[in-house]
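# Observations on the model geometry
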Amino acid sequence: MSSIHKRAIADEPVTSVLPNGDVPYDPNHQFNPDEGVLAALGYKSEFKREFSLFTTFCVSFAVLGLLPSFASTLYYGMGYAGTAGMVWGWMIAMIGIQCVACSMAELCSAMPTSGGLYYASAVLAPQGWGPFAAWITGWSNWLSQVTAAPSVNYGISAMILAAASIRDPTYIPTDYQTFLLTVFIMILHAVMSSLPTRWLAQINSGGSSFNFIALIVVLILIPAGTDREERGLPKFASSREVWGTIYEGTSFPAGISVLMSFIGVIWTMSGYDSAFHLAEECSNANMASPRAIVLTSATGGIFGWFLQLVVAYTVVDIDGVLNSDLGQPFAAYLMQCMSEKMTLAILALTIIAGFSMGQGCMIAASRVTFAYARDDCFPFSNVWKQVNKRTQTPVNAVWLNCAVGIVCLLLIFGGELAIGALFSIGAIGAFVAFTTPIFIRVFFVGNRFRPGPWNLGRFSIPTGFVASAFVILMVPILCFPSVTGADLHADAMNWTAVVYGVPMLLAIVWWFVSARKWFKGPKVNVAHMMHSEEQQILEGQNVQRSVSGGSGNGLPEKLQRVVSPSV
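Source: prediction; values computed, not measured. (Residues numbered from 1 in each chain as written. Predicted model: local features only at pLDDT ≥ 70, side-chain atom pairs only at ≥ 80, totals over all residues. Heavy atoms only, no water.)

The next point concerns the overall build of the protein chain. Helix and strand counts for the protein chain come out as 21 helices and two strands. Per-residue burial for the protein chain yields a buried fraction of 59% across its 567 residues. In the protein chain, of all internal contacts separated by at least 6 residues, the share reaching a separation of at least 24 is 81%. (Helix = DSSP H or I, 4+ residues; strand = E, 2+ residues; numbered from the N terminus. Buried < 20%, exposed > 50% of the residue type's maximum accessible area, 1.4 Å probe, protein only. Contact = heavy atoms within 4.5 Å.)

Right, let's get into the packing of aromatic side chains. Inspection of every chain in the model, using the stated rule, returns 34 aromatic pairs. On the numbers, 6.2 Å between centres and 40° between planes, the contact of tryptophan 305 with phenylalanine 306 is tilted. Note on phenylalanine 306: relative accessible area 37%, which makes it partly exposed. (Phe/Tyr/Trp six-rings, centres within 6.5 Å; stacked < 30°, edge-to-face > 60°.)

Across its 35 residues, helix 15 (residues 340-374) extends 51 Å between first and last C-alpha, which sits within 8% of the 51 Å expected from 1.5 Å per residue. For helix 15, the tally of buried residues reaches 27 of 35 residues, placing the bulk of the element in the interior. Just downstream of helix 15, aspartate 376 is the residue with a positive phi angle, here 60°. (Expected span 1.5 Å × (residues − 1).)

Further remarks concern the layout of surface pockets. Approximately 710 Å³ is the volume found for the largest pocket. Lining the largest pocket we find 38 residues, and of these Tyr75, Tyr76, Tyr80, Glu416 and Leu417 sit closest to its centre. Secondary-structure elements contributing two or more residues to the lining of the largest pocket are helix 3 (66-110), helix 5 (130-167), helix 13 (318-322) and helix 18 (416-445). Tallied by class, the residues present in the lining of the largest pocket amount to 22 nonpolar, 13 polar and three charged. (1 Å grid on protein atoms, 1.4 Å probe; cavity = no way out; pocket = protein on both sides within 12 Å on 5 of 7 lines; lining within 4 Å. Points joined across faces, edges and corners; volume = space filled by probe spheres on them. Nonpolar A, V, L, I, M, F, W, Y, C, P; charged D, E, K, R; others polar.)

Below, the discussion takes up the pattern of salt bridges. A full pass over the atoms with the stated rule returns three salt bridges. Note that glutamate 106 is salt-bridged to arginine 441, the shortest N-O span being 3.8 Å. Taken together, the residues span a long stretch of sequence, with glutamate 106 in helix 3 and arginine 441 in helix 18 at a distance of 335 residues. Take glutamate 106: its relative accessible area is 3%, and that puts it in the buried class. With relative accessibility at 8%, the residue arginine 441 sits in the buried group. Taking the shortest distance from any N to any O, the salt bridge between arginine 231 and aspartate 227 comes out at 2.9 Å. (Salt bridge = Lys/Arg side-chain N within 4 Å of Asp/Glu carboxyl O.)

What follows is about empty space enclosed by the protein. Tallied over the full model, the rule gives four cavities of 30 Å³ or more. Roughly 150 Å³ of volume is contained in the largest cavity. Taken together, 17 residues make up the lining of the largest cavity; nearest its centre are Val63, Ala148, Ser270, Gly271 and Cys361. No other element matches the four residues that helix 5 contributes to the lining of the largest cavity.

With that settled, the discussion passes to the nonpolar core. Within soluble globular proteins, side chains that are nonpolar tend to cluster in buried spots. Among the nonpolar cores identified, the biggest contains 156 residues, and Ile97, Met111 and Tyr333 are the most heavily contacted of them. It is helix 3 that provides the largest number of residues to this core, a total of 23 residues. For isoleucine 97, the contacting residues outside a window of four places in its chain are Val265, Ile266, Met269, Tyr272, Ser297, Phe431 and Phe470. In this structure, Val87, Ala237, Val242 and Ala312 belong to the second largest nonpolar core, which totals six residues. (Core = buried A, V, L, I, M, F, W, Y, C linked by side-chain atoms within 4.5 Å.)

Take the packing of helix 18 against helix 19 (residues 460-477) next. The interhelical angle for the contact between helix 18 and helix 19, taken along N-to-C directions, is 140°, at an axis separation of 9 Å. Taken together, the axes of helix 18 and helix 19 are oblique relative to one another. At the point where helix 18 passes helix 19, the crossing takes the left-handed sense. Taken together, the residues of helix 19 that come into contact with helix 18 (itself represented by Ile428, Phe431, Val432, Thr435, Ile438, Phe439, Arg441, Val442 and Phe443) are Ser460, Ile461, Gly464, Phe465, Ala467, Ser468, Val471, Ile472 and Val475. Here the contact of helix 18 with helix 19 is composed, by residue class, of 13 nonpolar, four polar and one charged. (Axes fitted to C-alpha atoms, helices over the stretch in contact; angles between N-to-C directions. Parallel < 35°, antiparallel > 145°, perpendicular 65-115°, else oblique. Left-handed = near helix turned anticlockwise from the far one by under 90°.)

This part is about the side chain of arginine 228. Position of arginine 228 relative to the elements: it lies in the loop between helix 7 (197-225) and helix 8 (239-244). Buried charge arginine 228 goes without a salt bridge, the closest partner of opposite sign being glutamate 241 at 5.9 Å. Here valine 315 takes part through its backbone oxygen, which lies 3.0 Å from a polar atom of the side chain of arginine 228. Those residues in contact with arginine 228 that sit more than four places away from it in its chain are Leu233, Pro234, Lys235, Phe236, Ala237, Tyr313, Thr314, Val315, Val316 and Cys337. (Lys, Arg positive; Asp, Glu negative; His and termini not counted. Polar contact = N/O pair within 3.5 Å; in protein donor to acceptor, adjacent residues only side chain to side chain.)

A residue-level look at the protein chain finds 83% of positions with pLDDT of 70 or above and a mean pLDDT of 80. The low-confidence segment residues 1-10 (pLDDT under 50) makes 24 contacts with residues lying over four places distant or belonging to another chain. Low pLDDT (under 50) marks residues 527-567, which in the prediction has 102 contacts with non-local residues, meaning those over four places away or in another chain. (pLDDT = per-residue confidence, 0-100.)

All right, on to the packing of helix 5 against helix 20 (residues 496-518) then. Put simply, helix 5 and helix 20 touch, their axes get as near as 10 Å, and they point 145° apart. As for the relative orientation of helix 5 and helix 20, their crossing is right-handed in sense. In contact with Pro131, Phe132, Trp135, Ile136, Trp139, Ser140 and Leu143 of helix 5, helix 20 contributes Tyr500, Pro503, Met504, Ala507, Ile508, Trp510, Trp511, Phe512, Ala515 and Trp518. Looking at the contact of helix 5 with helix 20 residue by residue, the classes come out as 16 nonpolar, one polar and no charged.

Tracing the backbone through its elements, the reader meets glutamine 359 in helix 15. Note on glutamine 359: relative accessible area 2%, which makes it buried. Every residue in contact with glutamine 359, bar those within four places of it in the chain, is listed here: His189, Met192, Ser193, Leu200 and Asn204.

Here it is as structure tokens:
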């Protein structure tokens, strides 16, 4: 017995999903701490753990992509409430967003698996509701993830073609050209995302470093290089104008317009969950992954606000930005206050940073698809959950997401509002998924939650309460159209409720018609390595135990609540 690696779950800072809280072991293999933690969660290690805190942060920050995200969503931040909405809105929104990030990090520390939020919802939910909670969380998160790369790459394509228009004013990009260029970038990202984990870590480290450097350079270039004075204007707008004037970009009162402008902040700040989904590829995951989540959100929040200030103090004409023939508001803004050469230089930096961001989005989405396919959430899950033996990455999941993303890009032919729905889906889908397990943890589990080594202590429940309230407020707000009454028609409609709501409604119908009969939540895959402690003591031999029994959540009976060992 002394030669066999045997640990109780009380020795691991996670909540076990296995009978009697056992941690499985193999007499021929000594589990390292990361393998032991993952095994306690019910999974065997299938990836190489070649991500560190820094490289995990790099992927997460690349997915966040502050500069390209801001450039792609400037239409909403500036167009709904103007400069006052930008500077005040970012600060207010970041309070809620940071609460969501910290609460998510706490869940990640307790359950560091690539299933992430979906897994947490299943384990935390009240008895009998685990599979349904996982189903809703999973599909909402997947919709967010699968639309991330297409929306980012659409923004990149629009900037590339806008740069071409700046060089040749007679050139006007067509929807067809935008679509083909975006599809090309999607395919290129899919090829890159199929590479081995070590290569991906190196590529994303470089991309994230460039993202950060480009952001700093742009923060310096815009105020230093603005030519507002040559246009007969003061170098910077007055603080009274920037902070006190709300642009009437919607038919709603000013306060609602500011809340509507949060779509840019929320979409920009939705990438920090990537660290959660990379937990199975990260060393020291139950500390490094939550730290990466909080670090990404905090860094993004601070530097994102600086970027908002720089643009707010230098923009010349908001109407001109929104209605420019360039078809890309950020490019139109730069042309108002910068020389052509400086504009093209900043666009080039933004495009390269955006390319890195799209790559990070593709990687994160493939890990989510893999995790859900591993639990048979999708049709043909046995295909999508395969890990390529040569690269040790979920290549099939990468190409599934690429195909779905290309189909989503057909919205380009529906006009700006239709393709804009991709950004709203990303914002709503992400934060609904982010907050579902947080809401369950706060209002149903409470103090019975067993935290991991990274936790909020006595601030856990208040932080989760603020996070939940913020998202409950924002979901309907982000579905509001910008106009009301007689001015509201199909071309001005906010299509978010349709493009997000219809797939989610179909998922719910599928649940009640069929999925509830066979979907039981996350499936553990370490049963074949389990050993009965009692049998070992009495017989000194290995005995397999099944973890497929139990009731309630669809998980073993021991797992139906996340509680401390003393409960």
